[in-house]
Amino acid sequence: MNTPDRKTAHDILKQASEMNPGNWIGHSQNTADAAEKIARHIKGLDREKAYTAGLLHDIGRREGVRNLHHIICGYEYMMSLGYDGTAKISMTHSFALKNLNTYLGEYDCTDAELNFIRTYIANIQYDDYDLLIQLCDCLALSDGLCIIEQRLVDVAMRYGFNELTIPKWKKIFEIKTYFEKIIGKSIYDVLEIMPVRVK
Ligand SMILES: [Fe+2]
């Protein structure tokens, strides 16, 4: 699958930040930094690919304030540039659970677009890059990295929650454990995040 190099990815995000500036730019940079740091510890994962996947996972937001529609916008834009690998990340990053209804926020899509997302998610096989960005998306605020719980609550405070929210949260923690087993230590140690440890 095709992905841009680091410089090209930065050029794409810079142009996007001029089109639609906002907190999502810092969040994207922090997602990229976390993905690269984790990928560095995992044999078989390409640091550059992890970094650019993190940097561009929300690229659909370049077109303006979007909710669910940013996923489609990102997919179509990346496909138009020939980056099918990054397009895939645009689609998969919000769906740790393969269920469209886990998305919190406005479903600002046509019926055809909703069907496209639903079918795509159901049929695509997630690889470690998809899982890595699903995880790092839940570690990255706009101004730095945080523990997963902080980010999940941050999203729930802004968009609410539904009956699939807890199963989705559990899936995120499963992904965290999956990578920690490969790495052999906590991702919080890898990322130098200091969670409060309860005895
Ligand atoms: Fe994100």
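Scroll up to find the structure this text is about.
Each value, and the rule that gives it
- Position numbers for residues count from 1 along each chain, tracking the sequence in the order it is written.
- The predicted origin of the model limits local features to residues at a pLDDT of at least 70 and limits the giving and counting of side-chain atom pairs to 80 or more, whereas totals for whole chains, interfaces and linings rest on all residues.
- Strands are runs of DSSP state E lasting at least two residues, helices are runs of H or I lasting at least four, and both sets are numbered from the N terminus onward.
- The size measure is the radius of gyration over C-alpha atoms, and the globule rule it meets is 2.2 Å times the number of residues to the 0.38 power.
- Every C-beta atom is placed from the backbone, and the number of other C-beta atoms within 10 Å of a residue's own sets its class: buried at 20 or more, exposed at 12 or fewer, partly exposed in between.
- Residue pairs qualify as contacts under a 7 Å threshold applied to their C-beta atoms, which are placed from the backbone.
- Structurally, a nonpolar core is described as a collection of buried Ala, Val, Leu, Ile, Met, Phe, Trp, Tyr and Cys residues joined by way of C-beta atoms within 7 Å.
- Orientation is described by lines fitted to C-alpha atoms, with helices fitted over the stretch in contact, and by angles between N-to-C directions that extend from 0 to 180 degrees.
- An angle below 35 degrees is read as roughly parallel, one above 145 as roughly antiparallel, one from 65 to 115 as roughly perpendicular, and any other as oblique.
- Classes in brief: Ala, Val, Leu, Ile, Met, Phe, Trp, Tyr, Cys and Pro nonpolar; Asp, Glu, Lys and Arg charged; the others, Gly included, polar.

Student: Looking at this structure, I do not really get the overall build of the chain. What am I missing?
Tutor: Each helix and strand counted, the chain has ten helices and zero strands in total. Helices (α) and strands (β) of the chain occur, in sequence order from the N terminus, as α-α-α-α-α-α-α-α-α-α. Computed over C-alpha atoms, the radius of gyration of the chain comes to 16 Å, within 12% of the 16 Å expected from 2.2 N^0.38 for 199 residues, which places it in the range of a compact globule. Taken across its 199 residues, the chain has 38% of its residues classed as buried. Considering only intrachain contacts with a sequence separation of at least 6, the fraction spanning at least 24 residues in the chain is 69%.

Student: Got a minute to help me understand unusual backbone geometry in this structure?
Tutor: The general pattern is negative phi for most residues beyond glycine and trans for most peptide bonds. If you check the backbone angles, Glu192 has positive phi at about 55° while not being a glycine. Following the sequence through the fold, Glu192 ends up in the segment after helix H10 (187–190).

Student: How should I be thinking about the nonpolar core in this particular structure?
Tutor: Nonpolar side chains in soluble globular proteins tend to be buried together. By size, the foremost hydrophobic cluster in this structure holds 46 residues, and its most contacted members are Ala35, Leu56, Leu132, Leu135, Cys136 and Leu139. When residues of this core are traced back to their parent elements, those giving at least two are helix H1 (6–19), helix H2 (23–39), helix H3 (47–56), helix H4 (69–80), helix H5 (84–92), helix H7 (128–137) and helix H9 (165–183). Per element, the largest residue contribution to this core is six residues, and it comes from H4. Excluding its chain neighbours within four sequence positions, the residues that come into contact with Leu132 are Ala35, Ile38, Ala39 and Ala50.

Student: Please explain H3 as it appears in this structure.
Tutor: Two residues of an α-helix separated by three or four positions point the same way, owing to the 3.6 residues in each turn. Buried residues dominate H3, accounting for eight of its ten residues. Taken together, the buried positions of H3 are occupied by Lys49, Ala50, Tyr51, Thr52, Ala53, Gly54, Leu55 and Leu56.

Student: What am I meant to see in H5 here?
Tutor: A large share of H5 lies buried, amounting to seven of its nine residues. Thr86, Ala87, Lys88, Ile89, Ser90, Met91 and Thr92 are the residues of H5 that are buried. If you follow the buried residues of H5, they end up packed against H3, H4, helix H6 (111–123) and H7.

Student: How do you make sense of the packing of H4 against H5 when you look at a structure like this?
Tutor: A pair of packed helices can be characterised by two numbers: the angle between their axes and the separation between those axes. Running from amino to carboxyl end, H4 crosses H5 at an angle of 175°, the nearest separation of the two axes being 8 Å. Classified by the angle their axes make, H4 and H5 are roughly antiparallel. Residues Ile71, Gly74, Tyr75, Met78 and Met79 of H4 form the contact with H5, whose own contacting residues are Asp84, Thr86, Ala87, Ser90 and Met91. Class assignment of the residues belonging to the contact of H4 with H5 gives a composition of six nonpolar, three polar and one charged.

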